[in-house]
Amino acid sequence: MMLTWLSIIRLGLIQMALGSIVVLTTSTLNRLMVVELALPAVLPGFLVALHYGIQISRPTMGFFSDMGGRRTPWIIGGIAILGLGAALASAAVALFANSFVLGLGISVLAYAMIGLGVGASGTSVLALLASSTAPRRRAAAAMVTWLMMIAGIAVTAGVVGSLIDPYTPMRLFVISAGVAGAALVLTVLAIMGIERGLAKPVSDRADVPFRQGLAEIWAEPRARRFTLFVFLSMTAYFMQELILEPYAGLVFAFTPGQSTTLSGAQNGGVFVGMLLVGIAASGLRIGALRTWVTGGCIASAAALLAIAAIAPMGPGAPLLPLTVLLGAANGAFAVAAIGTMMQLASEGRSAREGTRMGLWGAAQALAAGFGGLAGALAVDVMRALLPAPGTAFATVFIVEAFLFLAAAIMAWRVIDAPSRPTAPQLVPGE
């Protein structure tokens, strides 16, 4: 028995819950540390890199969920740990004002929990989709669930942006705890009973140890090449994550609420880009996935160059519409890459979807951590060398644009041009 469309949408609700928590830690808390607390950008960069670095455990989690045959405990447990970590991280922000060491210590613990929670829940949801979705539905199912996650990020960022002004530490903690609690309740309601009746994964070698199992997946040429592409493209994708809101605050005089809303607008653009490409590739069958991945990378580079070019304009510059365009380009690239990932997850050795998704998730997480930290560190260095903060930020955006162009070249070379339809069609009534 395969997942129905209703079950796929329920899994999308879990992705939505996950995204709603993560956006607090990667945008709102980052902005507060850099602007309100005047801490160096490398500090939140280090913390976010830590939460991504912890996700190197994703292949392990995926492997053991493959062997155990059940994803539900990993999904619920992961969201619970993620929510606790986010609430703890928001509490730690207030502590920096009185004790830097105490604030840093609690933040390290909190972001480690966030990394474990995202790894356990995110990998298990994607593995369940890959192993229990009919082949003709996989790419479309990936699009639907990812759009729902982006919607959760965009809506949460917009709501938090409207509620957090005027900012106080207690207001931040109440909002964070409320989002985490709502996400856990939504996850439990969404996942209950989904695995009942589904065929459990049966490995071709149930007793294989983890290291050997991972080595066998890495030996698959398609899996290995795609892993390297994921790392490069996601490094480019995440370099701006920790510096866009500080850029808005320091160069364009955005308030905390306005900069959080900017993040929501960017993710709204991601949603639109994913939706348009999903409809074009799945419904209208326009363009191959490789074409959409490459084009999305090139468009992302163009948007970043435009964002860098408006730095001298200061307050009043069209940062918001350009950020939306960047989000749309990112979304076009991402949904095509996700569709490719879902198609490749079931290739090769049987019942290893969790391991493959874990491997690619780990590559994405490491790239996100490296890219975010590199972007934040580069901004600190450039601000020390250059007199104008706008010039410092613009320099980093230009470097990121060239990385996107390199990713576009690699995508064209490593993703096979399909001889079959690029994405499954949605069958009416299914």
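A brief look at the structure comes next. (Residues numbered from 1 in each chain as written. Predicted model: local features only at pLDDT ≥ 70, side-chain atom pairs only at ≥ 80, totals over all residues. Heavy atoms only, no water.)

Along its length, the protein carries 15 helices and zero strands. Carbon together with sulfur atoms contributes 73% to the accessible area of the protein, which is approximately 16000 Å² in total. (Helix = DSSP H or I, 4+ residues; strand = E, 2+ residues; numbered from the N terminus. Areas by Shrake-Rupley, 256 points an atom, 1.4 Å probe, with all protein chains shown as cover.)

Quick look at unusual backbone geometry now. If a residue is not glycine, its phi is most likely negative; likewise, a peptide bond is most likely trans. In the Ramachandran plot, Ala38 falls in the positive-phi region, its phi being about 55° despite a non-glycine side chain. Inspection of the secondary structure assignment puts Ala38 in the loop between α1 (5–36) and α2 (42–54). Of note in this structure, Ala253 is not a glycine but carries a positive phi near 60°.

Further remarks concern the packing of helix α9 (residues 221–238) against helix α15 (residues 389–414). α15 packs onto α9 with a crossing angle of 160° between their chain directions and a minimal axis gap of 8 Å. It follows from the interaxial angle that α9 and α15 lie roughly antiparallel. Between α9 and α15 lies a crossing whose hand is left-handed. Contacts between α9 and α15 involve Arg225, Leu228, Phe229, Leu232, Ser233, Thr235, Ala236 and Tyr237 from the first element and Glu400, Leu403, Phe404, Ala406, Ala407, Met410, Ala411 and Val414 from the second. Grouping the constituent residues of the contact of α9 with α15 by class yields 12 nonpolar, two polar and two charged. (Axes fitted to C-alpha atoms, helices over the stretch in contact; angles between N-to-C directions. Parallel < 35°, antiparallel > 145°, perpendicular 65-115°, else oblique. Left-handed = near helix turned anticlockwise from the far one by under 90°. Contact = heavy atoms within 4.5 Å. Nonpolar A, V, L, I, M, F, W, Y, C, P; charged D, E, K, R; others polar.)

This brings us to the environment of Glu36. With respect to the helices, strands and loops of the structure, Glu36 is situated in helix α1. According to the relative accessible area criterion, Glu36 is partly exposed, its value standing at 33%. Taking C-alpha positions, Glu36 is 8.5 Å from Pro256, a pair spaced 220 residues apart along the chain. With sequence-adjacent residues up to four places away left out, Glu36 is seen in contact with Arg31 and Pro256. (Buried < 20%, exposed > 50% of the residue type's maximum accessible area, 1.4 Å probe, protein only.)

What follows is about the nonpolar core. Counting 119 residues, the largest nonpolar core has Leu11, Leu129, Phe229, Tyr247, Met274, Phe333 and Phe397 as its most contacted members. Ignoring any residue separated from it by four or fewer positions in sequence, one finds Tyr247 in contact with Phe252, Ile307, Ala308, Ile310, Ala311, Leu319, Gly390, Phe393 and Phe397. (Core = buried A, V, L, I, M, F, W, Y, C linked by side-chain atoms within 4.5 Å.)

Moving on: the packing of aromatic side chains. Under the counting rule described, the total for this entry stands at 11 aromatic pairs. Their ring planes at 75° and their centres at 5.2 Å tell us that Phe226 and Trp360 sit as a pair that is edge-to-face. Of the two residues, Phe226 sits in helix α9 while Trp360 sits in helix α14 (residues 353–385), which places them 134 residues apart along the sequence. In this pair, the class of Phe226 matches that of Trp360, namely buried. Directly above the ring of Trp412 sits Arg290, whose terminal nitrogen or CZ lies 3.9 Å from the centroid. (Phe/Tyr/Trp six-rings, centres within 6.5 Å; stacked < 30°, edge-to-face > 60°. Lys NZ or Arg CZ within 6 Å of the ring centre and 35° of its normal.)

On the surface, a cluster of nonpolar side chains totalling about 430 Å² of accessible area is made up of Ile298, Leu305, Ile398, Phe402 and Leu405. Of all the elements in the fold, those that place two or more residues in the nonpolar patch are α12 (289–309) and α15. If you trace the backbone, Ile298 turns up in helix α12. The class of Ile298 is partly exposed, set by a relative accessible area of 43%. (Patch = residues over 30% accessible without salt bridge, like charges linked within 9 Å, V, L, I, M, F, W, Y side chains within 5 Å. Salt bridge = Lys/Arg side-chain N within 4 Å of Asp/Glu carboxyl O.)

Along the chain, Ser107 turns up in helix α5 (residues 100–132). Residue classification places Ser107 among the buried residues on the basis of a relative accessible area of 0%. Separated by 2.7 Å, the side chain of Ser107 and the backbone oxygen of Gly103 make a polar contact. The contact partners of Ser107, leaving out residues within four places of it in the chain, are Leu47, Ala92 and Phe96. (Polar contact = N/O pair within 3.5 Å; in protein donor to acceptor, adjacent residues only side chain to side chain.)

The next point concerns α12. Over its 21 residues, α12 extends 30 Å from the first C-alpha to the last, a length consistent with the 30 Å expected when each residue adds 1.5 Å. Buried within α12 are the following residues: Leu289, Arg290, Val293, Thr294, Gly296, Cys297, Ser300, Ala301, Ala303, Leu304, Ile307 and Ala308. (Expected span 1.5 Å × (residues − 1).)

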